[in-house]
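Residue strings, one per chain:
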Protein chains: 2
Amino acid sequence: MSKKFVYAFSEGKAEMKGLLGGKGANLAEMTNIGLPVPPGFTITTEACKEFYVAGRQFPVGMEQEVEEKVAWLEQTLGKKFGDPNGPLLVSVRSGAVVSMPGMMDTVLNLGLNDQTVIGLAASSGNARWAYDCYRRFIQMFGNVVLDIEHHKFEGVLEDQKYKRNVQFDNKLTAEDWQEVIEKYKFIVRKETGKDFPQEPREQLYQAIYAVFNSWENDRAIIYRKIHKISDDLGTAVNVQAMVFGNMGDDCGTGVAFTRNPSTGEKLLYGEFLTNAQGEDVVAGIRTPQPIAKLAEEMPEVFQQFDRTCTLLENHYNDMQDIEFTIEKNKLWMLQTRNGKRTAQAAIRIAVEMVEEGIITKETAITRVDPAQLDQLLHRRIDPNAKIDAVAKGLPASPGSACGEVVFDADLAEKLNEQGHKVILVGTETTPDDIHGMVAAQGILTSRGGMTSHAAVVARGMGKPCVCGCEAIKIDHENRQFTIGTIVVKDREVISIDGSTGQVILGEVPMIEPELSKEFQRLLQWADEIRTLGVRANADNPEDATKSREFGAEGIGLTRTEHMFMALDRLPIVQKMILAADIEERAEALAQLLPMQEEDFYGILKAMDGLPVCIRLLDPPLHEFMPNAEELSVEITKLKLTGGSEAEIKHKEELLRKVRSLSEFNPMLGHRGCRLGITWPEVYAMQAQAIFQATARLVKEGYHVGPEVEIPLVIDVKELIYLRELVEKVAEEVKQATGVDFHYGVGTMIEVPRAALLADEIAERSEFITFGTNDLTQTALGFSRDDAEGKFLPPYIEKKILSDNPFIVLDRKGVGKLMQWAVDHARRVKPEISIGICGEHGGEPNSIEFCHSIGLTFVSCSPYRVPIARLAAAQAAVSNKGQSK
Amino acid sequence: MSKKFVYAFSEGKAEMKGLLGGKGANLAEMTNIGLPVPPGFTITTEACKEFYVAGRQFPVGMEQEVEEKVAWLEQTLGKKFGDPNGPLLVSVRSGAVVSMPGMMDTVLNLGLNDQTVIGLAASSGNARWAYDCYRRFIQMFGNVVLDIEHHKFEGVLEDQKYKRNVQFDNKLTAEDWQEVIEKYKFIVRKETGKDFPQEPREQLYQAIYAVFNSWENDRAIIYRKIHKISDDLGTAVNVQAMVFGNMGDDCGTGVAFTRNPSTGEKLLYGEFLTNAQGEDVVAGIRTPQPIAKLAEEMPEVFQQFDRTCTLLENHYNDMQDIEFTIEKNKLWMLQTRNGKRTAQAAIRIAVEMVEEGIITKETAITRVDPAQLDQLLHRRIDPNAKIDAVAKGLPASPGSACGEVVFDADLAEKLNEQGHKVILVGTETTPDDIHGMVAAQGILTSRGGMTSHAAVVARGMGKPCVCGCEAIKIDHENRQFTIGTIVVKDREVISIDGSTGQVILGEVPMIEPELSKEFQRLLQWADEIRTLGVRANADNPEDATKSREFGAEGIGLTRTEHMFMALDRLPIVQKMILAADIEERAEALAQLLPMQEEDFYGILKAMDGLPVCIRLLDPPLHEFMPNAEELSVEITKLKLTGGSEAEIKHKEELLRKVRSLSEFNPMLGHRGCRLGITWPEVYAMQAQAIFQATARLVKEGYHVGPEVEIPLVIDVKELIYLRELVEKVAEEVKQATGVDFHYGVGTMIEVPRAALLADEIAERSEFITFGTNDLTQTALGFSRDDAEGKFLPPYIEKKILSDNPFIVLDRKGVGKLMQWAVDHARRVKPEISIGICGEHGGEPNSIEFCHSIGLTFVSCSPYRVPIARLAAAQAAVSNKGQSK
């Protein structure tokens, strides 16, 4: 049986998204539930895939099927392709499986030519409109299909407006458009060496070809990469009879969300433009009207639209993003899809829909993308700060950002690579600016609405964005913008608040995020659903407190080395390292002891009643020492410039010691419990500090029981040896203080050998955590410091690795080791607590994996705790039936 | 049932070695086959283990059993402990499961005291002898049991000899010994605060206690560490009625081997001393007589002894090391055991015993320790060199060595650590010198025979040794020795030849080893028996040729980076690395191409008909670049001393590039196939060189088919990508040369992830080899360069690791990954060739593991190929039933 490549809308349904693309499936669904949808058909994603398999050739049989559908369309509408008396006009749009707004290409008004435009003008009695349609068609077709740069057409248009002294397109006359059309056709001839195609079928197939082709254009590839969309899905093509929102003031076009996509408020939200065609709204050419205005201007149409919106939301059980056109007071539905939304909106919508009885708690949990929550969990402008906003635009994507003004996406990317924080500023953004938006802290545009390209993309990325800030005048030539008399030059620092639309000069004070009522509600549900524990990594009492506020159920990792790095301690630490004998070292350690005790006292107190896992010293000692190369240069200088003998000698001695500590591969060197084995006195001091703090707190009535963690084991014997040391110290502290306390001793699995011997290790551990940062480095033989700047990017580029394994846990390699370790550890000790405390512990995909292999908890940075709680709940929902 | 802790010799047998120790089991065996063994009993190793479990306390019931056996002994011999008229005298000796010559302690003549010595003198009519026995007893007991330094007693003895103006002990009279005895007792009182114990039972239990204790003395611990003997075995104690070799000239004591332990010749070999006690021979106090002399001096005793030797060799089916004593013309057997032997002797004995029909080929294979073969496979003095030997001693352990003269074991160790080669020179060696012997290239002593401590230990270690070189006079005070008028000072260089006994001043020309006829025969049998292939690692035609001579069946690893390091190539390699663009790089690569082609041409030609695996470039690029610190210092100097601007600029540019190439952890950095992915042109050049060499050789009639190896893969996708590149180049070379040739593409598993994904990798590989050096580094998180000098020694010291994992393959960790990889690879491709080419490929224990997991081949350095052939055969014998 040969494949069916083309489906009329009436032949499809929502479930056929994979074949028909999102847009096509939803057009079919709306058609079938009786909504007013202009008739049309969809060419399948299957056809697109075969197109690529065949080396960018239409699959055999596809054109035949298209012809049949065109004939049916002509018959249904009583119009014919190329018929001057009633020309069939269609739109050709891409429609991928996963919505990719603005990334794929669209052609409207296809079917127009020098003949049919005359017919259209005559039959509609609206010559201005007919020629406007034609010039739009040439412009879009020229850009999208013939690959002529947009600005070449725009220049002509601007000229014409200048000549007529008008501000907006809609003031131009039919004659103006005819002039414009002639100039457009000239551009086409000049750029392509051929006349603009007059034959509608040629136009149609060229457009279909262009849509297929656009699946592999740079913008689409980058977008898919950023959003991790498979390159193999392909796009469908939708061919649909045109309806016109630009036939006069009883016409219009708009975009609306059934709830506010920024705040989540249950209120129809959107924008429309009268006398305009679809692309005008999203392209941000003119600033559109809020949807509420439609109720005033066309009350009946509005009511019908409002009812339709409710119907669609209930039909899909989710907030809808809807495109519509009004042609002479008749409403046409052009698209519906689940609407993109900010994290804040996603949460509120999910929670309210549960309250409205539309969805279950489980569904609500899955409606919020944990990765997106990041934007709610970062700093924003302190509301108590005296802010002097110099301008106000639309609050297009919430959150605040601060950075250097940059007008160019390439420069934004370059500066970002150099470590600068930048704000990308432009009249509007286009898909070509994506890389600059990725690099920027925030986006500021002078034109375009809440549904403009900049706004939609920024929200998707979770970047602060202020749109349509018409007060700012951008002067590209002088690389500056002005607000009244204020001049802001390239690289000057500004701040923006995407939640209020404010633009502020310079840096402003920011505050820490708090969790909204809805967010807390949602997380409460997440806590009810999830089986995976969530702890935080915290090295000081402040972080511990913060993590507790965010719902952490304990500390999964306290790194003690950060404490050693403090400015007042480093000299003592160096003294300890450089000590000539054990007495001298003991002296330095004695100085460090009370400091460490205070560190642990604060953290343990903050986590009263919850578990706290403290890892003993882990990094190689030379990290605490000066740089050898710098020392060498200093010595050379001193020698050549007659420096003092004593100083030279001292520095040379230091250099010798630094050299003796330096390592070829510090990552695989003398660190972790290897330090504890060779210098047991250091671990003994740390254990003493932990237990003295514990004893004090127990005496004060707190409930604390630290978990002492031995890092980087490769064999159970290290653990046995150091465990004995720790236990001895604990006994001594109990004796000395007269306080009894509980504690655990466990270990971190950070190298493959430890994972492979997890059964033996578990026998002697009260708990285990995976240090997946190091486990990834050793399992892959990848030094993170070296890989990320050098060979990792080409590895991801060439798709040798699907993700950066330091961000998304490598299930195939590292995951296999973890699975082995968990299985073997649980075999000898079924109830043993096993956690993860690498960065992966806060990354949703990795959390899903941790759930699936039955970990006890994930531990992540305090700010990612809510993300982890939600991701853990999602994992529980999607892995139903499996429980801890 | 309570344990039996004490066995009479008649109650034991050879098979009870684990319980009775080697000596005890063999004494029992000899007793039971009717040989003349003085009666006695053995306290079991079990008693020793319980002694340690109980905190160095005799186990309950042991003393009771000892008392019963003593009573039985008294009854059997008609003598009684402490009876002046017929005192029972016994020896107390340790007897571990594995023979540890000279490492454990012995007490003779126990039972003597101030009373019984008088009775003994009277009953024997030999007062001189009786007092000699008593002074020996005090001396040994004082040293071994009471821990009084040996030299304190020796000083008294030397004094007495000086006073009497005699050279040897045997010239001292009964009165002399009585004086000596009084002084000895004074020393005991002074050193211990107590009188020398007079009660024989107290002497006995103190001696037993001391033997048990000696299991944990430093010498024993070090010996066990060197010889990898478990610390858990414990030692047995043998209590045996004394017989005396020092009662006159019709008495004697000796040691003999049933075949020559140095050459393997089938001829009774050994030494004896008349009128001496056992320890005199092995301690090297007087230089003894060759055993053949016994035939002249006591022909009847000799004949009985000779028959007994033959009987014992046939009984044990192996060459025996026998101790005997002659008391008034009566032969007593005191010990037999399988004799230690040099590799050369082991081979000859094994081969001849097969020819004699005593053992099978399989047994012969297991009779040679592959690790010991090393000594046959190293350089020796060129027999054609004009050698001017300045002295000649006994050829105590074969092989030649050259190094600086050192008189002190500690200094030998220190200098060796600093990279010096040393020869340890001394009057004799003692167990306290073991660490110095380990550190030395060879050993030279002025006293002691072929069975002296120095000789036995050196043979065991496979170190060249010249013993009993009486021509040299050692002057410890001035740190020099003299040979006639020649003075050789500390740190001067000498050479020794342990096969001839020659001592030569300065360095001498050495030659490469060849395989003896017997060795080749044995290896032939090994080849028949083994199922594991043996290849060599070779980077040049010379090594390839050598490895072929040694029986390699192919090259398992050719490293191409060594070729890049050659002095004439390094500048071109640097040019390639520093190239500003791809054209410049192509130019440098074009220069390298013909050089690489010649490299491969030579190797492939040398291995005509055999497989050759060539690994593409593996190390990080900065290895080819200058050192950043040195460059920095140079630049600083140039700047401060007014160096030329141009030079400074050039060096700064170079420094920038070096810095950009430098890595935090080069081991885990931009190397291996990661270079091939980022700089495919380098791998393309290497592939072209390989294939052009191949095409030339095929044209010339050789049979070559190179295996191209992609290093350091972590994912099959790297392999797919680079395989395509290699195949493209192969096609181009075939086209260009018009020659068709075969080749394979495969990969090296060097990181855990690759092992875990071996099934996917195998699908796209014609072969796989394990790079276990790197796999060990990544699986353990151990940088070899950093570990071996820093934390690995304490890890082995503390027994966290049983061996250096870079020498003996870590079965628990790395082995598990290999096993997984082999299983999974063979699951998808049962016939795939899987080898190992890390250093472990030449280490017997690791080879046994490789056999057991079903590898196709091991690959090692050319000189280890014979070792690997033998070890592989032994693995096949010991894993019988399992085959490749």
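Residues numbered from 1 in each chain as written. Chains lettered and ligands numbered in written order. Predicted model: local features only at pLDDT ≥ 70, side-chain atom pairs only at ≥ 80, totals over all residues. Heavy atoms only, no water.

A few words on the relation of the copies chain B and chain A. Taken as rigid bodies, chain B and chain A are interconverted by a rotation of 178 degrees and an axial shift of 0.2 Å, the fit giving an RMSD of 0.3 Å. Expressed as a symmetry operation, the mapping of one chain copy onto the other fits a two-fold axis. Scanning chain B for the C-alpha nearest the rotation axis identifies Asn665 of chain B, at a separation of 2.0 Å. (Least-squares fit on C-alpha atoms with pLDDT ≥ 70 in both.)

Attention shifts here to the packing of helix H13 (residues 343-355) of chain A against helix H19 (residues 517-529) of chain A. All names here are of chain A. Interhelical geometry of H13 versus H19 gives an angle of 65 degrees and a closest axis separation of 9 Å. Relative to H19, the element H13 lies roughly perpendicular. Note on packing geometry: the crossing formed by H13 with H19 is left-handed. Contacts from Ile347, Arg348, Ala350, Val351, Val354 and Glu355 of H13 reach H19 at Glu518, Phe519, Arg521, Leu522 and Trp525. Classifying every residue of the contact of H13 with H19 gives 7 nonpolar, no polar and 4 charged. (Axes fitted to C-alpha atoms, helices over the stretch in contact; angles between N-to-C directions. Helix = DSSP H or I, 4+ residues; strand = E, 2+ residues; numbered from the N terminus. Parallel < 35°, antiparallel > 145°, perpendicular 65-115°, else oblique. Left-handed = near helix turned anticlockwise from the far one by under 90°. Contact = heavy atoms within 4.5 Å. Nonpolar A, V, L, I, M, F, W, Y, C, P; charged D, E, K, R; others polar.)

Right, let's talk about the packing of helix H35 (residues 844-852) of chain B against helix H36 (residues 865-878) of chain B for a bit. Residue and element names in this part refer to chain B. Where H35 meets H36, the axes come as close as 9 Å, and the angle between the chain directions of the two elements is 50 degrees. Here H36 runs oblique to H35, going by the angle between their axes. Crossing geometry of H35 relative to H36 is assigned as right-handed. Contacts between H35 and H36 involve Pro844, Ile847, Glu848 and His851 from the first element and Ile867, Ala868, Ala871, Ala872, Ala875, Ala876 and Ser878 from the second. A per-class count over the contact of H35 with H36 returns 8 nonpolar, 2 polar and 1 charged.

Residues and elements named next belong to chain A. With 7 of 7 residues buried, strand E14 (residues 400-406) lies mostly within the body of the structure. Of the pairings in the sheet, the one linking E14 to strand E21 (residues 493-497) comprises 5 bridges and is antiparallel in character. For Cys402, the partnering residue across the bridge sits in E21 and is Ser495. In the sheet, E14 pairs with strand E15 (residues 422-426) via 3 bridges, with the strands oriented parallel. Paired with Val406 across the bridge in E15 is Leu424. The β-α-β motif built from E14, the intervening helix H16 (residues 409-417) and the parallel element E15 has right-handed crossover chirality. (Buried < 20%, exposed > 50% of the residue type's maximum accessible area, 1.4 Å probe, protein only. Pairing = 2+ DSSP bridges. Right-handed = clockwise from strand over helix to strand, strands pointing away.)

Per the UniProt record, "domain: Pyruvate phosphate dikinase AMP/ATP-binding" (unreviewed entry) is found at residues 19-53, 62-293 and 303-355 of chain A. Structurally, residues 303-355 of chain A is divided into 51% helix and 32% strand, and its ends, taken at the C-alpha atoms, are 25 Å apart. (UniProt positions renumbered as here; feature names shortened; annotations may be inferred.)

All names here are of chain A. An order of E12-E22-E21-E14-E15-E16-E17-E13 is seen for the 8 strands of this open sheet, with the pairing classed as mixed. Either end of the sheet is taken by a strand with one partner, and the two such strands are strand E12 (389-392) and strand E13 (394-397). For this sheet the average axis-to-axis angle between neighbouring strands, irrespective of direction, equals 30 degrees. As defined by bridge partners, E15 adjoins strand E16 (residues 442-445) across 4 bridges and the pair is classed as parallel. Residue pairing for E16: Val425 is matched across the bridge by Leu444.

This brings us to helix H27 (residues 680-699) of chain A. Residues and elements named next belong to chain A. Taking 1.5 Å per residue as the helical rise, H27 with its 20 residues ought to reach 28 Å, and the 28 Å between its terminal C-alpha atoms agrees with that figure. When you tally the buried positions in H27, you get 15 out of 20 residues, the bulk of the element. Gly701 lies just past H27 and shows a positive phi near 95 degrees. (Expected span 1.5 Å × (residues − 1).)

Time to look at the sheet that holds strand E4 (residues 106-110) of chain A. Residue and element names in this part refer to chain A. Spatially, the 5 strands line up as an open sheet ordered E1-E2-E5-E3-E4, and their pairing is antiparallel. In the strand order of this sheet, the two ends are held by strand E1 (6-8) and E4, each with one partner. Shown here is a sheet whose adjacent strand axes are inclined to one another by a mean of 20 degrees, direction ignored. Across 4 bridges, the pairing between strand E2 (residues 40-43) and strand E5 (residues 235-241) is antiparallel. Residue Gly40 lies in a different strand from E5, and its bridge partner there is Gln240.

Residue and element names in this part refer to chain B. As enumerated under the stated definition, the model contains 0 disulfides over all chains in all. Here Cys402 is not cross-linked by a disulfide; its sulfur's nearest cysteine counterpart is in Cys465, at 16 Å. Its relative accessible area of 16% is what places Cys402 among the buried residues. Looking at the unpaired Cys850, the closest cysteine sulfur is the one in Cys837, lying at 11 Å. (Disulfide = S-S within 2.5 Å.)

On to the environment of Pro752 of chain B, then. Within the secondary structure layout, Pro752 of chain B lies in helix H29 (residues 752-756). Pro752 of chain B gets classed as buried once you look at its relative accessible area, which sits at 0%. Pro752 of chain B sits 26 residues away from Thr778 of chain B along the chain, and the two C-alpha atoms are 7.0 Å apart. In this structure Pro752 of chain B touches Pro752, Thr778 and Ala779 of chain A together with Leu775, Thr778, Ala779 and Leu817 of chain B, once residues within four positions along its chain are discounted.

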